[in-house]
Amino acid sequence: MSKELNEKKFFIIKKHKFLGSVSYYIHSHKQFNLTDAVRNLLALDTLNEDRENDSYHLQEVNFSMVDKPLVLTDEVKEQQSEMPF
C-alpha cells in the first residue's frame, strides 16, 4: 500500500434505511487511516445483523473546500451577546 494512501483520513458512514427514507450518520467522531478504517468497517459489517437496512461505507476526510478558517465578525459576536441563553 502506498504511503500517501495510508496518510489520508477517513470517516465511517452508516447508511440507514427506514420507512422508505435513507439517512446517513458518521458512525464515530474519530478519523481513521485507511488500514484502521477498513479494519473497523469489516468488524462493523461482520457484526451487522440488519443488512437490509444498515450498511457502512468509507468517506475520505477532505478539507479542500476550506480555504481559511471561519472568523466571527463583530456583528455576529454582538448578536450572540444579546441572546437570552
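What counts as what
- Residues numbered from 1 in each chain as written.
- Predicted model: local features only at pLDDT ≥ 70, side-chain atom pairs only at ≥ 80, totals over all residues.
- Heavy atoms only, no water.
- Helix = DSSP H or I, 4+ residues; strand = E, 2+ residues; numbered from the N terminus.
- Buried < 20%, exposed > 50% of the residue type's maximum accessible area, 1.4 Å probe, protein only.
- Lys, Arg positive; Asp, Glu negative; His and termini not counted.
- Salt bridge = Lys/Arg side-chain N within 4 Å of Asp/Glu carboxyl O.
- Polar contact = N/O pair within 3.5 Å; in protein donor to acceptor, adjacent residues only side chain to side chain.
- Contact = heavy atoms within 4.5 Å.
- Core = buried A, V, L, I, M, F, W, Y, C linked by side-chain atoms within 4.5 Å.

Caption draft 1: Region of the structure containing the side chain of D54. Relative to the elements of secondary structure, D54 occurs in strand 4 (residues 54-60). Look at D54: it is buried, it has no salt bridge, and the nearest opposite charge is K14 at 4.0 Å. Reaching out from D54, the side chain makes a polar contact with the side chain of H16 at a distance of 2.4 Å. Discounting residues that sit within four places of it in the chain, D54 has contacts with K14, K15, H16 and N48.

Caption draft 2: Region of interest: the environment of H16. One can find H16 in strand 1 (residues 9-18). Exposure remark for H16: the relative accessible area of 23% places this residue in the partly exposed category. Between the C-alpha atoms of H16 and N53, which are 37 residues apart in sequence, the distance is 5.5 Å.

Caption draft 3: Fine view of the nonpolar core. Core analysis: the biggest nonpolar cluster contains eight residues, these being F10, I12, F32, L34, A37, L41, L44 and Y56. For this core, the secondary structure elements donating two or more residues are strand 1 and helix 2 (34-47). If you tally residues by element for this core, the top one is helix 2, at four residues.

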